[in-house]
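Spelled out from the first residue to the last, the chains are:
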Amino acid sequence: MVSSQGLHLRTTQRTQQEPGSVVQMIGKYFSQMSTRRGSVESCDERDASSTVDVDLEDEERLLQLDVTRQMEDCLAAAKASSLRCQLLLLPRHMTSRVGHDVLAASADEPCGLRGAAITLYVECRDGLRGVGSVCPDPSVTPTFELSVIFKADKEAAWTPLFSMFDRHKALKLRPEYRLVKRKLYSSASPVVHEFN
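Every residue gets a number counted from 1 within its own chain, in the order that chain's sequence is written. Given that this is a predicted model, residues contribute local features only at a pLDDT of at least 70 and side-chain atom pairs are listed and counted only at 80 or more, while totals for whole chains, interfaces and linings are drawn from all residues. Hydrogens and water are ignored here; the side-chain numbers use all heavy atoms of the structure.

An unreviewed UniProt entry lists the chain under the name DNA damage-inducible transcript 4-like protein, from Takifugu rubripes. UniProt positions are given in the numbering used here, feature names are shortened, and annotations may be inferred rather than shown by experiment. Quoted verbatim from the Sequence similarities (unreviewed entry) field of UniProt, the annotation for the chain is "Belongs to the DDIT4 family." Its UniProt record gives the chain a comment under Subcellular location (unreviewed entry), which states: "Cytoplasm".

Asks: Would you explain the overall build of the chain in this entry?
Replies: By definition, any uninterrupted DSSP run of H or I lasting at least four residues is a helix, any uninterrupted run of E lasting at least two residues is a strand, and each is numbered from the N terminus. Per the secondary structure count, the chain includes 4 helices and 6 strands. Remark: exposure states derive from per-residue accessible area (1.4 Å probe, protein chains only) relative to the maximum for the residue type, with buried under 20%, exposed over 50%, and partly exposed in between. Buried positions account for 30% of the 196 residues belonging to the chain. For the chain, contacts bridging at least 24 residues in sequence account for 69% of all contacts bridging at least 6. Of the roughly 12,900 Å² of accessible surface on the chain, 57% is carried by carbon and sulfur atoms. Residue contacts are defined here by distance: any two heavy atoms, one from each residue, within 4.5 Å place the two residues in contact. For the accessible areas, the method is Shrake-Rupley and the probe is 1.4 Å, while residue cover comes only from the protein chains on display.

Asks: Teacher, can you tell me more about the confidence of the model for the chain here?
Replies: Any segment with low pLDDT has predicted coordinates that should not be analysed in fine detail. pLDDT expresses, on a scale from 0 to 100, how confident the predictor is about each individual residue. Residue-level pLDDT values for the chain average 75, and 64% of them are 70 or greater. Within the chain, the lowest mean pLDDT, 48, falls on helix α1 (residues 2–37), and the highest, 95, falls on strand β4 (residues 144–152). The low-confidence segment residues 33–52 (pLDDT under 50) makes 4 contacts with residues lying over four places distant or belonging to another chain.

Okay, structure coming up:
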C-alpha cells in the first residue's frame, strides 16, 4: 500500500511539473518571436511579407544546393557505368552554374524547383548517354521536366573501342550545356536554352 501511494504521488508531481515546463517552453517561444519580429502592435504587413519572402528564398537556395549535390553524385556514379571513364573533368563551378540556371528555369512554375523532374545527359560522339536523374522533392508530383545536357569535349579522342583498353581514360566536359524544359501537363512545345 505504501509503494502504490508513493507511485501515485510521483505521477501526480510529474504531471504537475509538466504543464509548467510546457507553459515555460511556449512562453520562451513567444518571447523569442517577439524579440525577432517586434511586438504585435508594431508589426505591419510589409515586415511580415518580407520575412516570408526571405524564408522562401532561403528554402529555394537550400533546395538548389541539394539539387547541385545530387547532380554531382549522379555524375560521379556515372563515371564507371554509362560514361566508362576513370576520371571526369568538369569546368570550375559548372555544377553550381547549372544549379542556378535550373532554379531560374523553374521560377515560373507553380511549385518552383520542388515540382521539377531533372534528367542528366552527356552528349558524346556516339550520341546522348543518360547519367542519372534528380528529384528535388519526392513528396511533390512533378509538373515539368528539365533535361540537362552536358557536352563532352570532342577534341579528346575517345571511342567505345578505345575505352575498353584504356583503364585510365579521362572524359572532359565543356563549359557549354543545354537545358530543355518541357511542361508535363501541357501541349506546349519544349523550350531549349543554350548556356556557354
